Amino acid sequence: MSLHRSRPLRMRPLPGSTMPRQPSAAGRPALAPFGRFRRDRKGVAAVEFAILAIPFFVTVFAIVETSLVFLAELTLDQSVDRVARKVRTGELERKGADEA
């Protein structure tokens, strides 16, 4: 079964709707000039990508930035722990602070 429709989709009023569609002055529905754009499906993927690309990339970059912040925090925490251990054990004073 093909997903491409050979006929344009017709808009039907919702059940219980009291407002009929207003035809234009030529007797056609008001959205008739845009019928060709509604039928043509060639750029659907590009439009969907354009709509979803910004939130997707924002989410990806937020995840990457958060992971870099955690990496920097852990690196700083471990290096402070190492230096504090060397100071407490006296190893830093024996070697000299310049050589460590």
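Residues numbered from 1 in each chain as written. Predicted model: local features only at pLDDT ≥ 70, side-chain atom pairs only at ≥ 80, totals over all residues. Heavy atoms only, no water.

### Comments concerning the overall build of the protein
- A count of helical and extended segments in the protein gives three helices and zero strands.
- N-terminal to C-terminal, the α/β element order of the protein is α-α-α.
- For the protein, buried positions account for 4% of its 100 residues.
- Put simply, the protein shows about 10000 Å² of open surface, and 63% of that area lies on carbon and sulfur atoms. (Helix = DSSP H or I, 4+ residues; strand = E, 2+ residues; numbered from the N terminus. Buried < 20%, exposed > 50% of the residue type's maximum accessible area, 1.4 Å probe, protein only. Areas by Shrake-Rupley, 256 points an atom, 1.4 Å probe, with all protein chains shown as cover.)

### Quick look at helix H2 (residues 44-89)
- With 46 residues, H2 extends 67 Å between its outermost C-alpha atoms, agreeing within 8% with the 68 Å of an ideal straight helix rising 1.5 Å per residue.
- Remark: the principal bend of H2, roughly 40°, maps to Leu-52, with a proline, Pro-55, within the next four residues. (Expected span 1.5 Å × (residues − 1). Bend = angle between axes of the 7 residues up to and from the residue.)

### A look at a nonpolar patch on the surface
- Among the surface-exposed residues, Phe-49, Phe-56, Phe-57, Val-60, Phe-61, Val-64, Leu-68 and Leu-71 lie close enough to one another that they form a single nonpolar patch of about 800 Å² accessible area.
- Along the polypeptide, Val-64 turns up in helix H2.
- The partly exposed category is assigned to Val-64, whose relative accessible area is 41%. (Patch = residues over 30% accessible without salt bridge, like charges linked within 9 Å, V, L, I, M, F, W, Y side chains within 5 Å. Salt bridge = Lys/Arg side-chain N within 4 Å of Asp/Glu carboxyl O.)

### Notes on the confidence of the model for the protein
- On average, the protein scores 79 in pLDDT, and the residues at 70 or more come to 58%.
- Model confidence for the protein, summarised as mean pLDDT per element, is weakest for helix H1 (residues 35-39) at 69 and strongest for H2 at 95. (pLDDT = per-residue confidence, 0-100.)

### Let's talk about the packing of aromatic side chains
- For the structure on display, the rule yields two aromatic pairs.
- For the ring pair Phe-56 and Phe-57, a centre distance of 5.3 Å and an interplane angle of 65° mean the geometry is edge-to-face.
- Summarising the aromatic geometry, the rings of Phe-57 and Phe-61 are spaced 6.4 Å apart at their centres and angled 25° between planes, so their arrangement reads as stacked. On the criterion of helical spacing, the pair formed by Phe-57 and Phe-61 is a turn pair, its members being four residues apart in helix H2.
- When its relative accessible area of 38% is taken as the criterion, Phe-57 is described as partly exposed.
- A residue is classified by how much of its surface remains accessible, and Phe-61, at 56% relative accessible area, is exposed.
- Three or more aromatic residues joined by ring pairs form one cluster here, namely Phe-56, Phe-57 and Phe-61. (Phe/Tyr/Trp six-rings, centres within 6.5 Å; stacked < 30°, edge-to-face > 60°.)

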